[in-house]
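Residue strings, one per chain:
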Amino acid sequence: MNFGHVSVMLGEVLDALDVKAHGKYLDCTLGGGGHAKAIAQRLDGDGLIVGIDRDDDAIHAAEENLSDVTCTVKIVRGNFTELDKILDDLNVDKLDGILFDLGVSSHQIDTASRGFSYMKDSPLDMRMDRRQSLTAFDVVNTYDEARLAKIFHDYGEERFSKRIAAAVCRTRKTSPIETTGQLARIIEQTVPRTKNGGHPAKRVFQAVRIEVNGELEILSDALKSAIGRLKVGGRLAVITFHSLEDRIVKDTFKRAAQGCICPKNFPVCVCNHKPEVKLCGKAQLPTPDEVNGNSRASSAKLRVVEKLGGASQ
Ligand SMILES: C[S@@+](CC[C@H](N)C(=O)[O-])C[C@H]1O[C@@H](n2cnc3c(N)ncnc32)[C@H](O)[C@@H]1O
Ligand SMILES: [Zn+2]
């Protein structure tokens, strides 16, 4: 299978994770295994890489891609919300490094039948895990107008959310909206095309995708579980692709890195709250060269934390 996905900020991720030859690593968003393979190639026979993805296409591509490495490879189809259970089942305890490279892969976007793209006409689907029942068709055709407007606004930061929701509900009264092409046309006819804002359907498609896959509500807890699985000195690296995701990562990391959380007017600390991690610098962006070669990298941001040990807590 040609997975056609170029791994974003690969060099920066390898530096951030500071890969050790005999270390244990977890890739929570395996995709075709681009990042995972680069990590695995730095591991020896004692090293381990665990990869999780909820998409069966990704699992097959990664199994093939990682078939020739020296280290132990464990690949599991599942949601990264279950990372504790997945690691327990594999008898893996603490890890040296964990990666989340969030969002969708180029393979998912470029495969028309997956129904993620406003550039291709196909049934509205957008499920990363095709075992789940909720699809983009269900969201677009069954959610009421107010709920749609809220999703377009909150998950797509769409200025014309109400107008688009109204147009969707008007259209579907006659017959269901079956395809990505139909939805894209409704949006094109409803909102003005801006010069630099990209395709007018981009934000609504992002919003529907986030809703179908529950992408935002699971993120903070999954990051907390990941921090809990790090060895002292282990690193967690997260790549996001839009501001909504990045805000959740930033806030979760900030809270985990916080010491005392007592109100400012308390003379002494009574909360005994200890920081679990330290922030490894600010968010990193891809180089202009990378963005020139891979437009998908243009909105990427990498944030990294390191697990603190007993003495520092
Ligand atoms: C950007 S791609 C990863 C690409 C990969 N890092 C590479 O270099 O080839 C994101 C992947 O994460 C998966 N994914 C997204 N959310 C997930 C979740 N909650 N649980 C498991 N996998 C998820 C998607 O199915 C997709 O394959
Ligand atoms: Zn305190």
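Q: What am I meant to see in the overall build of the protein here?
A: Within the protein, the regular secondary structure consists of 13 helices and seven strands. Expected size for 313 residues packed as a compact globule is a radius of gyration near 20 Å; at 21 Å, the protein falls within 12% of this value. Buried positions account for 43% of the 313 residues belonging to the protein. Considering only intrachain contacts with a sequence separation of at least 6, the fraction spanning at least 24 residues in the protein is 70%.

Q: Looking at this structure, I do not really get the domain arrangement of the protein. What am I missing?
A: The parts lose accessible area when they come together, and the size of an interface is often stated as this lost area. Here the protein is described as being made up of domain 1 (10–103 + 217–312) and domain 2 (114–213). Between domain 1 and domain 2, the C-alpha centre-to-centre distance is 30 Å. Contacts between the two partners involve five residues from domain 1 and, on the opposite side, five residues from domain 2. Of the residues belonging to the side of domain 1 that touches domain 2, the class tally is one nonpolar, one polar and three charged.

Q: Help me understand the site of ligand 1, please; the structure alone is not making it clear to me.
A: Around ligand 1 sit 21 residues, and of these Ser-7, Thr-29, Gly-31, Gly-34 and Asp-101 come closest. Sorting the residues of the shell around ligand 1 by element identifies α2 (34–40) and β2 (48–53) as the ones contributing at least two each.

Q: Just to check I follow, could you spell out the pairing of strand β3 (residues 72–77) for this structure?
A: When a strand is regular, its side chains alternate between the sheet's two faces. As judged from the six bridges shared by β2 and β3, these two strands associate in the parallel manner. Within β3, the position partnered with Leu-48 by the bridge is Thr-72. You can see the chain leave β2, run along helix α3 (residues 56–65) and come back into β3, and the turn it takes is right-handed.

Q: What exactly am I supposed to notice about the nonpolar core here?
A: In globular proteins that are soluble, nonpolar side chains generally tend to be buried together. Residues Cys-28, Ile-49 and Ala-237 are the most contacted members of the largest nonpolar core, which totals 52 residues. At five residues, strand β5 (residues 230–240) tops the list of elements feeding residues into this core. With 32 residues, the next largest nonpolar core counts Ile-109, Tyr-118, Phe-152 and Val-168 among its residues.

Q: Explain the pairing of strand β7 (residues 301–307) to me, please; I cannot follow it from the model alone.
A: Counting buried positions over the seven residues of β7 gives seven, a clear majority of the element. Pairing of β5 with β7 involves six bridges; the strand directions are antiparallel. Looking at β7, one finds that Leu-236 is bridged to Val-305. Bridge count for strand β6 (residues 277–279) against β7 is three bridges, and the pairing is antiparallel. Its bridge partner being in β7, Val-277 is matched across the sheet by Lys-307.

Q: I would appreciate a short explanation of the environment of Glu-63 in the present structure.
A: With respect to the helices and strands, the residue Glu-63 is situated in helix α3. Linking Glu-63 and Asp-15, residues 48 residues apart in sequence, is a C-alpha distance of 24 Å.

Q: Sorry, what's going on with the sheet that holds β2 here?
A: Pairing between the strands of a sheet comes from backbone hydrogen bonds, and it takes one of two forms, parallel or antiparallel. Pairing in this open sheet of seven strands is mixed, and the strands run β3-β2-β1-β4-β5-β7-β6 from one edge to the other. Strands at the two margins of the open sheet, each flanked by one partner only, are β3 and β6. The mean angle between the axes of side-by-side strands here comes to 15°, regardless of whether they run parallel or antiparallel. Packed onto the sheet, helix α11 (residues 219–228) meets β4 (95–101), β5, β6 and β7 and runs at close to 150° relative to β5. Contacts between helix α12 (residues 243–256) and the sheet are confined to β5, β6 and β7, with β7 contributing the most and set at about 20° to the helix.

Q: I keep staring at α12 and nothing clicks. Help me out?
A: Residues that lie three or four places apart on an α-helix share one face, since the helix turns once every 3.6 residues. The end-to-end C-alpha separation of α12 is 20 Å, in line with the 20 Å expected for 14 residues at 1.5 Å each. Restricting attention to buried positions, one finds in α12 the residues Glu-245, Asp-246, Ile-248, Val-249, Thr-252, Phe-253 and Ala-256. The buried residues of α12 occupy an angular sector of 160° when projected down its axis, which confines them to one face. For α12, the exposed residues set more than 90 degrees away from the buried face come down to Ser-243, Arg-247, Asp-251 and Lys-254.

Q: Looking at this model, I keep getting lost on the environment of Asn-91. Mind explaining?
A: Looking at the secondary structure, you find Asn-91 in the loop between α4 (83–89) and β4. Residue Asn-91 is classed as exposed on the basis of its C-beta count, with 7 C-beta atoms lying within 10 Å.

Q: Just to check I follow, could you spell out the packing of α11 against α12 for this structure?
A: At a closest axis distance of 9 Å, the pairing of α11 and α12 adopts a crossing angle of 40°. Between α11 and α12, the interaxial angle falls into the category oblique. By crossing handedness, the relation of α11 to α12 is classed as right-handed. Here Leu-219, Ser-220, Leu-223, Lys-224 and Ile-227 of α11 lie close against α12, whose contacting residues are Glu-245, Ile-248, Val-249, Thr-252 and Ala-256. Its residues assigned to classes, the contact of α11 with α12 shows six nonpolar, two polar and two charged.

Rules used throughout
Residues numbered from 1 in each chain as written. Chains lettered and ligands numbered in written order. Predicted model: local features only at pLDDT ≥ 70, side-chain atom pairs only at ≥ 80, totals over all residues. Helix = DSSP H or I, 4+ residues; strand = E, 2+ residues; numbered from the N terminus. Rg over C-alpha atoms; globule rule 2.2 N^0.38 Å. Buried ≥ 20, exposed ≤ 12 C-beta atoms within 10 Å, placed from the backbone. Contact = placed C-beta atoms within 7 Å. Domains from an automatic or database assignment. Nonpolar A, V, L, I, M, F, W, Y, C, P; charged D, E, K, R; others polar. Near = placed C-beta within 6 Å. Pairing = 2+ DSSP bridges. Right-handed = clockwise from strand over helix to strand, strands pointing away. Core = buried A, V, L, I, M, F, W, Y, C linked by C-beta atoms within 7 Å. Axes fitted to C-alpha atoms, helices over the stretch in contact; angles between N-to-C directions. Expected span 1.5 Å × (residues − 1). Arc of directions from axis to C-beta. Parallel < 35°, antiparallel > 145°, perpendicular 65-115°, else oblique. Left-handed = near helix turned anticlockwise from the far one by under 90°.

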